[in-house]
Amino acid sequence: MRTHHLARPTALAAALLATALVAPAAAAAPVGTADDGAGVVINEAYLSGGSANAAYTHKFVELFNPTDEAVSLDGWSLQYRSATGESTPHGLTELTGTVAPGGHFLISGGSNGDNGADLPTADVVAGGGFNPSGSRGTIVLAETDTRLSLPTGSIIGVENVADVLGYGATNTYETAPATAPSGNSDPKSLNRAEGVDTDDNSADFTLSGSVTPTSSTGAGEEPGDGGEPGDGEEPSGPAVEVEIAEIQGEGARTPLAGERVKTRGVVTAAFPSGGLDGFFIQTPGTGGDMESSASHGVFVYAPTLVSEVAVDDYVEVTGTATEYYDLTQVDATSGAVSVLDEPAEAVKPLTGPWPAADTEREKFESMLWQPEGDWYVGDNYSLNQYGEVGLVFGESDLVAGERLLPQPTDVAPAGSELATAVAVENAQRSITLDDGSTTDYVRNNAAKGSPLPYLDADTPIRVGAEATFTAPVVLHYGFGEWRFQPQEQVTGADHPAVPASFSDTRTKAPAEVGGDVKLASFNVLNYFPTTGREFVDELGGTCSWYTDRDGAPVTTNRCNPNGPRGAADTENFARQEAKIVAAINALGADVVSLEEIENSAAFGKDRDFALATLTAALNEDLGSDAWAFVPSPAELPADEDVIRTAFIFKKAAVKPIDESLILTDSDAFSNAREPLAQAFQAKHGNADTRFLAIVNHFKSKGSDPKDGSGNADSGDGQGAWNAARVGQAEALVAFADGLKRERNTEKVFLTGDFNSYTQEDPMQVFYEAGYANLGAKTEHTYLFAGLVGSLDHILGSEAATATVTGSAVWDINADEPIALEYSRYNNNVTDFYAADPYRASDHDPAIVGIEAPAAGGGNSAAAWEKSATYRAGDTVSHAGAEFDALWWTRGEEPGSRAYGAWAERGESLACAAVGDASAWTSTAVYHGGETVVFEGRAFEAKWYSRNQAPGGAWGPWAPAGDC
């Protein structure tokens, strides 16, 4: 059940690739693959095995090692992409073994028949898993066992690519394609001159009638595909007239495989452009109900004939019944298609519940369907590249109220029965709405000039949106997953063939969480004021880029050594910053912990340069000096990442207590960002309003070490480096325990990107230590591989949790299409960019409300005692006023010194100009932005001051109105 030319990854593969790249997909960065025998190469390719006149029964690829060192192929693969494919290869063979210096290595593949001699014993037997076309295509020797997503055209020096052989009329090659055999009956092989590699397939490979398969043990004796449709041997004799259901059969595969058939049907969908190169037909009068033992629809592969038919035509088709990657089809490449004049009963779209089992879906493969019931957008990541929308049917039976597909380890511990059951249910509830094409809108430059399917600035198609089908679709199977195809190729959001509409679920602000102080966490997606262009032009570094459709750099790909990871230049940085600023200012938070912000010390600047830049932009957007940042502490880690964590805060709401502190003495964070801690207190609150926030960014799940350790990906859903994250969680708990005493509070909030889903092992460390996950009952913060979950958390100690009034996730990022991100600017002819909060990052911000009332005037605090010891933030009453301790003090009488340890709280006064405000006092410390009342007038602090009365023309106070 797989159509021809579907050369693109599943949603899971696409998401894994995107996570590895982080930035927009484009040509990969050059690696050190040199010419003229610098590494293992493809030496010979014989692609007609088993055909008429064949020298050998099976196809093969022979490798050669021209170097003086043995080369291990463990973890490598041989991959094949069709001549018109635009993304991931559909054939992959994993390699193991070693190629000796000057030695050969033989991989045997599929066969077209029984002709020819047996191959010598191969080093790797791929069988039908490697079955390339005999006349055109691209073979890739890859230094990875993951399917590569490659550009088209000439590809030289691409990451993880050891060698490429493009031959015949293919779209991918080195410099130019090699001359290919004329067809499967032409028994020549493609030969290289013993390892010499000039990166030009047309020059390096020649056709030879001498076919010499050589394995690691030597050459074979001289002889006495699921390739592309049309490459195989054509069956002889007259076509058998059959019904479509007879071609489909009652099982997963056609019982007439390889037979020449003739059948009739009504055209339900046709794709003369876009790469599908065929059309669907269905037996007249069928459909409607769900009673069927065999499908009445089938796909007809007819690249030269598809333009002759249209939807609703009644046609007769002659061709070969085939099974192409599990899709039953009729290959009419060398057959016939004719439009009939006689009338035919109309096809009825299927209606009924979405079948959960593959065996049930198989009964309706390639039939017209009118989906009913509750459908939701579950994934939109591939919408930007392949025009695909992942859909989810109904609600989960395992996770109450869940409409989407949850990460199993977000709702259940890894390895549990529930986690396993959720994974199974996810597959049963999902399907992909396709666009009727195989077009790659990222790597196909011509396609970038065509509007992306389904999407425009007014139709965001967010994850979680309701999908309502307004027209029937065809049930199709391709790339290992079930799909709904429209009845013709869709381009743009208003194309007449768009079969569904989507609800708009955006909100202008997060849900109300209450509280006196609001604490949030926000991953700001590699916010780097030091751009790639500055790094190259002024700092002497080098960068490769991700570019727009005009070839202009948008973001950095790799910058060495240890360079910036964000925008390519100031124009793109301005677009990124505008979205982040809009999001943070609309978030409504008073304290925000930040992740993935530039550590400016890496570029010879003040460590807080990027943090100060963001703070200034936030204030400029508000038109007031509302935000401040927490300065870096004096003691810093000896070796830091180029990204860091940070805090910003609203000066009118809170004040930092004591210096920030970074955990610098733990080996657990040798591969992650060290935790950063800061104590805060309500602006006019006493020590009872104090809380400690510690922001984190744990080790990511990628870059599997594959070393058999606890950090290797065990396949339980937790990804790589799980043991490292557990150690980081344990170190963080110990760090927090110590700071409770040092910062004089039991109220501790752990925030940030923990790179751990809610029920994974690192999170269990926190739960066992008494921390509550304050976002566990809110929405997800991240989308990966079509599954939703939370990597970003705010956790509270018992004392902190007791003060929480509410929590929420503002779903402005993970649910939005990636096309809206600044990093995809001008990737498509449709302009998706807007300087708004939506898709400012790939993680959603989380926010909690904290009950921390500011104390008013009067004598509510305990009386000052001369013999008592006070810490910063403690509040006492004395001589009819209340005072806050600014630092450790003992024996100093409050109010005795203007610049002493005690700051007097001003009495709350009503003022017509500004509302309630505190009276100015000489001992209070003002940082800027505070409003006070003095001698019947209101004033706003312009900068830091103490013991400077309002009213002076050049002082720190600006008049704010009369009371």
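So, how was this worked out
Residues numbered from 1 in each chain as written. Predicted model: local features only at pLDDT ≥ 70, side-chain atom pairs only at ≥ 80, totals over all residues. Heavy atoms only, no water. Axes fitted to C-alpha atoms, helices over the stretch in contact; angles between N-to-C directions. Helix = DSSP H or I, 4+ residues; strand = E, 2+ residues; numbered from the N terminus. Parallel < 35°, antiparallel > 145°, perpendicular 65-115°, else oblique. Left-handed = near helix turned anticlockwise from the far one by under 90°. Contact = heavy atoms within 4.5 Å. Phe/Tyr/Trp six-rings, centres within 6.5 Å; stacked < 30°, edge-to-face > 60°. Buried < 20%, exposed > 50% of the residue type's maximum accessible area, 1.4 Å probe, protein only. Disulfide = S-S within 2.5 Å. Nonpolar A, V, L, I, M, F, W, Y, C, P; charged D, E, K, R; others polar. Lys, Arg positive; Asp, Glu negative; His and termini not counted. Salt bridge = Lys/Arg side-chain N within 4 Å of Asp/Glu carboxyl O. Polar contact = N/O pair within 3.5 Å; in protein donor to acceptor, adjacent residues only side chain to side chain. Core = buried A, V, L, I, M, F, W, Y, C linked by side-chain atoms within 4.5 Å.

*Asks:* Can you explain the packing of helix α9 (residues 570-587) against helix α10 (residues 609-622)? Please cite residues and give values.
*Replies:* One can describe the packing of α9 onto α10 by two numbers: an axis separation of 10 Å at closest approach and a directional angle of 65°. Our classification of the angle between α9 and α10 gives roughly perpendicular. The handedness of the crossing between α9 and α10 comes out as right-handed. Two secondary-structure elements touch here, α9 through Glu577, Ile580, Val581, Ile584 and Asn585 and α10 through Thr613, Leu614, Ala617, Leu618, Asp621 and Leu622.

*Asks:* Quick one: what's the story with the packing of aromatic side chains, residue by residue and with numbers?
*Replies:* Here the distance between the centres and the angle between the planes together describe a pair of aromatic rings. Counting across every chain of the model gives 29 aromatic pairs. Arranged with centres 6.4 Å apart and planes meeting at 85°, the rings of Tyr56 and Phe60 form a pair that is edge-to-face. Judged by relative accessible area, which is 0%, Phe60 ranks as buried. Between Trp375 and Phe484 the ring centres are 5.7 Å apart and the planes differ by 70°, which places this aromatic pair in the edge-to-face class. Linking Trp375 in strand β24 (residues 375-379) with Phe484 in strand β29 (residues 481-485), this pair joins segments that are 109 residues apart in sequence. The exposure class of Trp375 is buried, given its relative accessible area of 3%. Clustering of aromatic rings is evident, with ring pairs tying together Trp354, Phe364, Trp369, Trp375, Phe393, Phe469 and Phe484.

*Asks:* Summarise the state of the cysteines; cite the residues concerned and give the values.
*Replies:* Scanning the model with the defined rule gives 2 disulfides in all. Linked covalently through their sulfurs, Cys543 and Cys559 form a disulfide whose S-S length is 1.9 Å. Sign of the S-S torsion, about 115° for the bond between Cys543 and Cys559, identifies this disulfide as right-handed. In this pair, Cys543 is assigned in strand β32 (residues 542-547) and Cys559 in strand β33 (residues 553-560), connecting sequence segments 16 residues apart. Here Cys543 matches Cys559 in class, with each residue buried. One disulfide in the model links Cys911 with Cys963; its S-S distance is 2.0 Å. Between Cys911 and Cys963, the S-S torsion sits near -90°, and that sign places the bridge as left-handed. Separated by 52 residues along the polypeptide, Cys911 in the loop between β52 (908-909) and β53 (917-919) and Cys963 in the segment after β56 (957-962) bring together distant segments of the chain.

*Asks:* Would you mind going over the packing of helix α11 (residues 722-742) against helix α12 (residues 761-768) in detail, with residue names and values included?
*Replies:* Interaxial distance between α11 and α12 falls to 8 Å at its minimum, and their mutual angle equals 20°. Taken together, the axes of α11 and α12 are roughly parallel relative to one another. For the crossing formed where α11 meets α12, the hand is right-handed. For the pair formed by α11 and α12, the contact residues are Asn722, Arg725, Val726, Ala729, Glu730, Leu732 and Val733 on the first element and Asp761, Pro762, Val765 and Phe766 on the second. Among the residues making up the contact of α11 with α12, the classes are represented as 7 nonpolar, 1 polar and 3 charged.

*Asks:* Explain the side chain of Glu62 residue by residue, including any values.
*Replies:* Take Glu62: it is sitting in strand β2 (residues 60-64). Buried and unpaired, Glu62 has Arg192 as its nearest opposite-charge partner, separated by 9.0 Å. The residues touching Glu62, leaving out its near neighbours within four places in the chain, are Val41, Ile42, Asn43, Glu44, His104, Phe105, Leu106, Thr212, Pro213 and Thr214.

*Asks:* Tell me about the side chain of Ser841, and please be specific about residues and values.
*Replies:* Mapped onto the elements of the fold, Ser841 is located in the loop between β45 (804-809) and β46 (846-850). Taking the relative accessible area as the measure of exposure, Ser841 reaches 0% and is therefore buried. A distance of 3.4 Å separates a polar atom in the side chain of Ser841 from the backbone nitrogen of His843. Residues contacting Ser841, with those up to four places away along its chain left out, are Phe522, Asn523, Val524, Leu525, Asn813 and Glu821.

*Asks:* An account of the nonpolar core is needed here, citing residue identities and associated values.
*Replies:* Val389, Leu391, Leu433 and Phe484 are the most contacted members of the largest nonpolar core, which totals 47 residues. In terms of residue count, the dominant contributor to this core is strand β28 (residues 473-478) (4 residues). With residues near it in sequence (within four places) discarded, Val389 still touches Val377, Asp379, Leu383, Ile431, Thr432, Leu433, Tyr454, Ile461 and Phe502. In this structure, Val524, Leu594, Ala626 and Ile648 belong to the second largest nonpolar core, which totals 32 residues.

That is the geometry; function is a separate question.
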